[in-house]
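Overview (structure and organization)
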Amino acid sequence: VDDPVCLADYERLAEERLEEPWLGYFAGGAGDERTMADNVEAFGRLRLRPRVLRDVGDVSTRVTTLGLDLALPVLVAPVAYQRRAHPDGEAATARATAAAGTAMCVSTLATATVEEVASAAPDATLLHQLYVFRDRGLTVELVERAVAAGCRAVVLTADLPVVGKRERELRGAWALPEQEVPAVAAARARGSAGHALSLFDPTVDWRYLEELSSSVDVPVLVKGVLTGEDAVLAAEHGAAGVVVSNHGGRQLDGVGATLDALPEVVEAAGDRLQVWLDGGVRRGSHVAAALALGASAVLVGRPAVWGLAAAGEEGVRGVLEILRDELETALALLGCRSPAELRRAHVAPA
Ligand SMILES: Cc1cc2nc3c(=O)[nH]c(=O)nc-3n(C[C@H](O)[C@H](O)[C@H](O)COP(=O)(O)O)c2cc1C
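Residues numbered from 1 in each chain as written. Predicted model: local features only at pLDDT ≥ 70, side-chain atom pairs only at ≥ 80, totals over all residues. Heavy atoms only, no water.

Some points on the layout of surface pockets
- Of the pockets and cavities examined, the largest pocket occupies roughly 560 Å³.
- Along the wall of the largest pocket there are 27 residues; nearest its centre are T157, A158, D159, L160 and P161.
- Breaking the lining of the largest pocket down by element, the ones donating at least two residues are strand 7 (154-157), helix 9 (206-215) and strand 8 (220-225).
- A total of three residues in the lining of the largest pocket trace back to one element, the largest contributor, which is strand 8.
- When grouped by side-chain class, the residues that make up the lining of the largest pocket number 17 nonpolar, six polar and four charged. (1 Å grid on protein atoms, 1.4 Å probe; cavity = no way out; pocket = protein on both sides within 12 Å on 5 of 7 lines; lining within 4 Å. Points joined across faces, edges and corners; volume = space filled by probe spheres on them. Helix = DSSP H or I, 4+ residues; strand = E, 2+ residues; numbered from the N terminus. Nonpolar A, V, L, I, M, F, W, Y, C, P; charged D, E, K, R; others polar.)

Below is the structure:
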């Protein structure tokens, strides 16, 4: 493909450019990869119900969620090790999200410091994804630095107390290049030993969320919520939002598709929480379906990596522009002038 017209075109370009073991790292999921596949397939199980003759001469894709004013309701999900997809790494992703008018969530395992990302992309809207280190002093320091660098929210990832069994990674028998990750280097410098992912604290519980949300001035979201029960707990312990996510099918294989979990989370959240979703979003019509079911925004993980691997900043921008254009077309064809007009009645089971 020379001129990608859809996200799958970018996926093919990325597969040509990425080499093992990194291709397996970015593309793979846990176990039999059932959940990873189901995230995408769930969108195919829904049918859209368009309304006609509704004056769609002027369609906007703009939304506001948790104080973020976004030109399109698609953020870039936290993805680790972006310099392994392209030498420009996180800085390129951040610049692309700024150009597209949306936001980027910077991973704890980024291959650049949050200050470097912020200064490489001064116009970018950044959020900070948090993995909680056993070294709580370091954790506090990382959150404070992220907020000082301008991050507009903290996204606490709750679905990685331990790492899922990712077989494409195991087959490669390779080690994560942790010296490229400033947060891990900082943990080492403070005396932490062991495998990079074992530096994270598996004892984190809802009390920690309460501590975190009362200690920062920006909204806190819990990423990795798949049940109404946990949405209620998130609201009770100070979260401003949740991300319905199964980590792109990289953690527990066999959990449901995020789109299937969305309605129960939306119902439990009521008007107390903003609900975002990630996993399997590959089309503007997928964005419309998630919003019709009550999400306020979605995030894309692998598609951003495909763009980055294919063409750096320009590639990520290309991915976001395709999603914006597809969403605009979907909204018009559903009879909606804006995402706010999407209703549950715009979707039905197949
Ligand atoms: C290569 C890769 C690395 C990821 N790294 C992180 C991470 O550091 N922190 C995190 O919270 N989620 C991480 N995720 C999960 C994503 O944020 C997101 O939940 C997932 O990719 C969404 O599914 P999608 O790839 O189908 O869009 C990662 C996902 C991938 C594919």
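So that's the structure; there's more coming.
As for the site of the ligand
- Neighbouring residues of the ligand: 23 residues in total, closest P78, S107, T157, D278 and R282.
- Contact distances for the ligand include 3.2 Å between a nitrogen atom and a side-chain N or O atom of Q129.
- In this structure, R302 approaches the ligand through a main-chain N or O atom, which is 2.9 Å from an oxygen atom.
- Burial of the ligand by the protein chains amounts to 99% of its free accessible area of 600 Å².
- Structurally, the ligand is housed in the largest cavity.
- Mapped by element, the contributors of at least two residues to the shell around the ligand are helix 2 (22-27) and helix 13 (302-334).
- Residue classes in the shell around the ligand are distributed as nine nonpolar, nine polar and five charged. (Near = heavy atom within 4 Å. Polar contact = N/O pair within 3.5 Å; in protein donor to acceptor, adjacent residues only side chain to side chain. Areas by Shrake-Rupley, 256 points an atom, 1.4 Å probe, with all protein chains shown as cover. Sits in = over half its atoms within 2 Å of the grid points.)

Some words on unusual backbone geometry
- Cis peptide bonds are those with omega within 30 degrees of zero, and the linkage from E20 to P21 qualifies with 5°.
- On the secondary structure map, P21 appears in the loop between helix 1 (7-17) and helix 2.
- If you check the backbone angles, L53 has positive phi at about 55° while not being a glycine.
- Position of L53 relative to the elements: it lies in the loop between strand 1 (46-48) and strand 2 (63-65).
- Classification of L53 by relative accessible area gives exposed; the value is 87%.
- Notably, Y81 is not glycine yet its phi reads approximately 55°, a positive angle.
- Mapped onto the fold, Y81 is located in the loop between strand 4 (74-76) and helix 4 (89-100). (Buried < 20%, exposed > 50% of the residue type's maximum accessible area, 1.4 Å probe, protein only.)

What to know about the nonpolar core
- The biggest cluster of nonpolar side chains holds 97 residues, and the ones touching the most others in it are L109, L212 and L262.
- With 15 residues, the top contributor of residues to this core is helix 13.
- Formed by 15 residues, the second largest nonpolar core is a distinct cluster that contains L68, L75, A77 and A153. (Core = buried A, V, L, I, M, F, W, Y, C linked by side-chain atoms within 4.5 Å.)

A closer look at empty space enclosed by the protein
- Here the structure, examined in full by the defined rule, presents three cavities of 30 Å³ or more.
- Taken together, 33 residues line the largest cavity, and the ones lying closest to its centre are P78, V79, A80, H247 and R250.
- Broken down by secondary-structure element, the contributors of at least two residues to the lining of the largest cavity are helix 2, strand 11 (297-300) and helix 13.
- Broken down by element, the lining of the largest cavity gets its largest block of residues, three residues, from helix 13.
- Here the lining of the largest cavity is built from residues that sort into 17 nonpolar, nine polar and seven charged.
- Counted as a void, the second largest cavity has a volume near 170 Å³.
- Taken together, 13 residues form the lining of the second largest cavity, with T108, T113, V114, L142 and A183 sitting closest to its centre.
- Looking at the lining of the second largest cavity, the elements that each hand over two or more residues are helix 6 (136-148) and helix 8 (182-189).
- For the lining of the second largest cavity, the element with the highest residue contribution is helix 6, accounting for three residues.
- Residues that form the lining of the second largest cavity fall into these classes: eight nonpolar, four polar and one charged.

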